[in-house]
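Working through the structure, step by step
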Amino acid sequence: MSEQINPSKGYKKQNLIFNTSMQKKLAAIIAIVVLALIALGIRIAYIDLAKGNEYAIKVLSQQGYTSRTIPYKRGDIQDRNGNIMATSVMVYNLVIDSKVIMSDKKYLEPTVSALDKYLNFDKNELRDAIRKRKDNSYWVVAKNLEYEEIEKFEKYINGDYIKTDEDEEAVQNTKGIWFEKKYKRMYPNNTLACSTIGFANSNNVADVGMEKSFSKYLQGVDGREYGYMDSDNNMEGVIKDAEDGNTVVSTIDTNIQRIVQKSVRKYMKKYKPKRIAVVVADPNNGDILAMSDDKVFDLNDPYNLEEYYSQAKIDNMSQKEQSEKMNEIWRNYCVSDSFEPGSTFKPFTIAAAMEERKVNKHSTFYCDGSQNVGGFNIKCHLVSGHGQLNLKNALAQSCNDSLMQIGFKLGKDKMAEYQARFGFGTKTGIELPNETRGLVYDKNMDMATLATNSFGQNLTVNMIQMTQAFSSVINGGNYYEPHIAKQIVNKDGDLVKSYSKTLVKQTCTRNTTTFLRQALREVVLTGTGTTAAIDGYTVGGKTGTAEKVDTSKDGKGRLANQYILSFLGMVPCENPKVVCYTLMDSPKDNTQATAYNTEFWVDIMKQVLPYMGIEKTEKIEEKAKKKSLTKEFYSNGIISGDDGSLVIKDKTLNE
């Protein structure tokens, strides 16, 4: 009897084992394939995102492909009120595709005839040039054309002028002409705030001003149009839109800026100083409302030196020399140049000594005209001496002797500490390139340096540092970071970034600032700053006269009869709303005439104060005190001037 095979025995178990094993292997293979596909998908997505356009262009370029860049629009720069200070306008480059035109003999004559008629090209010259470039598909014939210049040609191509069959045939046979769109940077106000705004070249590269500082926000991303060309030379393909840049809203007020620059021109012409510079700021938030110096240039033509040099002199300059001269003109003096501040520094010495309780409003000092320090006889500007002075009058009369005594009480360690606290020797952080730090001494300074530092000599500062430090000693002790920008918004008006009021530190207490406002008011009522008075307004401030130092490579110390004259003032004294800092370097006729500079300051503020809506708050008794003092000065023959300006005859009376 033959053995029967039972399928339920033996083979069933074996098949089950085989199937389970295979299932596991199959699952593993599927998992590996899925993971590989996921990795491949990720890689393809990355390549498409990072280099998709590049690879697409390479592939399509082998198949009769044409690619065009769609330029982005660089963002605008506006003033604080929304007025345009820098913008980009669409212009056009005329491009000729000679290869297309020469692909059929019927295209050449209609094309050159149209260019001759509507764009004023010479037919014969153009015909010869196209023939010479018969294999050239991209020939830029004209750049930066305005739309008005190409409008008639565009209408011609669109058939607006067709009247006969011959006209229609001519239009259809006008080939190989297109206009490449691009943006050109434009500055509607030409020289206004030129060194602050700066400029960008045709490639959107900027090295000056806000155009440089905010370039990452102003710049956009080019788009691209690419695809196949059909038999009629029409493009069919993909368009990737450009991403336009953001708009930067500045703190600058163009109306105040115009007032400042007009006054700069006026006083450069009137007194012929070596340099003039101005900063106008809001002391309560760090906003810079205007800044300018005498070196201005047309932002629409920044490489033109003809304003300052004759053509013959320019022709004799090397390329390097021309570049150096341009950089001198583009340089923002208010930010990038440092100088000895002179007596405008005295409020900071007094503030430091009051904070350390080395002096108070009742302190008195005796000035005999000089101090002997470390073998040096350091004189007061009034060499005969002021006699006994209280703290307020020490500042009002700008007594160097008194300030040296205050400096000695403060000491070297604290002098260095408070100079740093007021921001001297470090950059303020204003959003402009090439800010200078200035030069200050550490606590190892010698006693002569301590003495001269106390009244603003033998250290250097820039105008923004001084403006912000001064703002802190009149606004309650708050040192705000200075700003040239308020905010950045995108093309839809959405906020990208805000440069809000930023409190950096407390420099001094409110009691100290209250006293200093009173003392600075006294400077204008009875002291060295009477020529800064403006009828009806409570003006306070400090004059400065700093002997210049030769900073050249072979410098030899102090420069004879050359002085930096300055006035750092505020209005109104009881609640300062605006600070103005003016500087005049060595007026030609009288290099020490502080009244020239205060006259300049008054000329600006008489226009700025009404514009800003700042009310007159001067009291009757203050006005009477001011008039009485002026009358006394005139009767004693101390002050004179054909035009009514105050010119001190005795140079020992200057700061």
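Here goes a summary of the coordinates provided. Per chain, the residues get numbers from 1 upward, laid out in the order the sequence is written. In view of the model being predicted, local features appear only for residues whose pLDDT reaches at least 70, and side-chain atom pairs are presented and counted only at 80 or more, with totals across whole chains, interfaces and linings using the full set of residues. Think of the side-chain values as coming from all heavy atoms in the structure, minus any hydrogens and water.

**Describing the packing of aromatic side chains**
When the centres of two rings from Phe, Tyr and Trp lie within 6.5 Å, Trp using its six-membered ring, the rings pair. Their planes under 30 degrees apart give stacked, over 60 give edge-to-face, and anything left gives tilted. Applying the stated criterion to the full structure yields 22 aromatic pairs. On the numbers, 6.3 Å between centres and 45° between planes, the contact of F153 with Y156 is tilted. In this pair, F153 and Y156 both sit in helix 5 (residues 147–157), three residues apart, roughly one turn of the helix. In this structure, F153 and Y156 share a single accessibility class: buried. Ring geometry for Y303 against W330: centres 5.5 Å apart, planes inclined by 85°, an arrangement best described as edge-to-face. Here W330 lies in helix 12 (residues 319–330) and Y303 lies in the loop between strand 10 (288–293) and helix 11 (311–315), a separation of 27 residues in the sequence. Three or more aromatic residues joined by ring pairs form one cluster here, namely Y118, F153, Y156, Y161 and F179. Only when the NZ of Lys or the CZ of Arg is both within 6 Å of the ring centre and within 35 degrees of the ring normal is a charge said to sit over the ring. Taking the ring centre of W139 as reference, the NZ or CZ of R133 above it sits at 4.1 Å. Sitting over the face of the ring of Y479, K505 holds its NZ or CZ atom 5.0 Å from the ring centroid. In this description a helix means any DSSP run of H or I spanning at least four residues, a strand means any run of E spanning at least two, and both kinds are numbered starting from the N terminus. For each residue, the accessible area found with a 1.4 Å probe, counting protein chains only, is set against the maximum for its type, and the residue is called buried under 20%, exposed over 50%, and partly exposed in between.

**Here's the deal with a nonpolar patch on the surface**
The grouping of L26, I30, V34, L35, I38 and I42 at the surface amounts to a nonpolar patch, some 580 Å² of accessible area in total. Locating L26 in the fold gives a position in helix 1 (residues 11–60). Distance thresholds for patches are 9 Å for like charges and 5 Å for nonpolar side chains (Val, Leu, Ile, Met, Phe, Trp, Tyr), applied to residues having over 30% relative accessible area and no salt bridge. The method behind every accessible area is Shrake-Rupley, applied with a 1.4 Å probe, and residues are considered shielded solely by the protein chains displayed. Should a side-chain nitrogen of Lys or Arg be within 4 Å of a carboxyl oxygen of Asp or Glu, the pair is scored as a salt bridge.

**Here's the deal with the pairing of strand 17 (residues 495–498)**
Both faces of the sheet carry side chains from a regular strand, because those side chains alternate between them. Any two strands with at least two DSSP-identified bridges between them are counted as paired. Inspection of the sheet shows strand 16 (residues 485–489) paired to strand 17 by three bridges, in the antiparallel sense. Note on strand 17: the bridge partner recorded for Q487 is S498. Hairpin connection from strand 16 to strand 17: five residues lie between these consecutive antiparallel strands, with G493 at a positive phi of about 85°.

**Focus: the sheet that holds strand 10**
Strand order in the open sheet formed by five strands is 10-9-21-20-19, and the pairing between neighbours is antiparallel. Each edge of the open sheet is held by one strand with a lone partner, namely strand 10 and strand 19 (540–549). Taking the axes of each pair of neighbouring strands and ignoring which way they run, one obtains an average angle of 10° across the sheet. One ladder, built from seven bridges, connects strand 9 (residues 275–281) with strand 21 (residues 578–585); its direction is antiparallel. Paired with A281 across the two strands is V579, which belongs to strand 21. Contact definition: two residues touch when any of their heavy atoms are within 4.5 Å. The angle between two axes is taken between their N-to-C directions and runs from 0 to 180 degrees, where each axis is a line fitted to C-alpha atoms and a helix contributes only its stretch in contact. Contacts from helix 21 (residues 594–612) reach strand 9, strand 10, strand 19, strand 20 (558–571) and strand 21 within the one sheet, and its direction differs from that of strand 21 by about 150°.

Read these as geometric descriptors, not functional statements.
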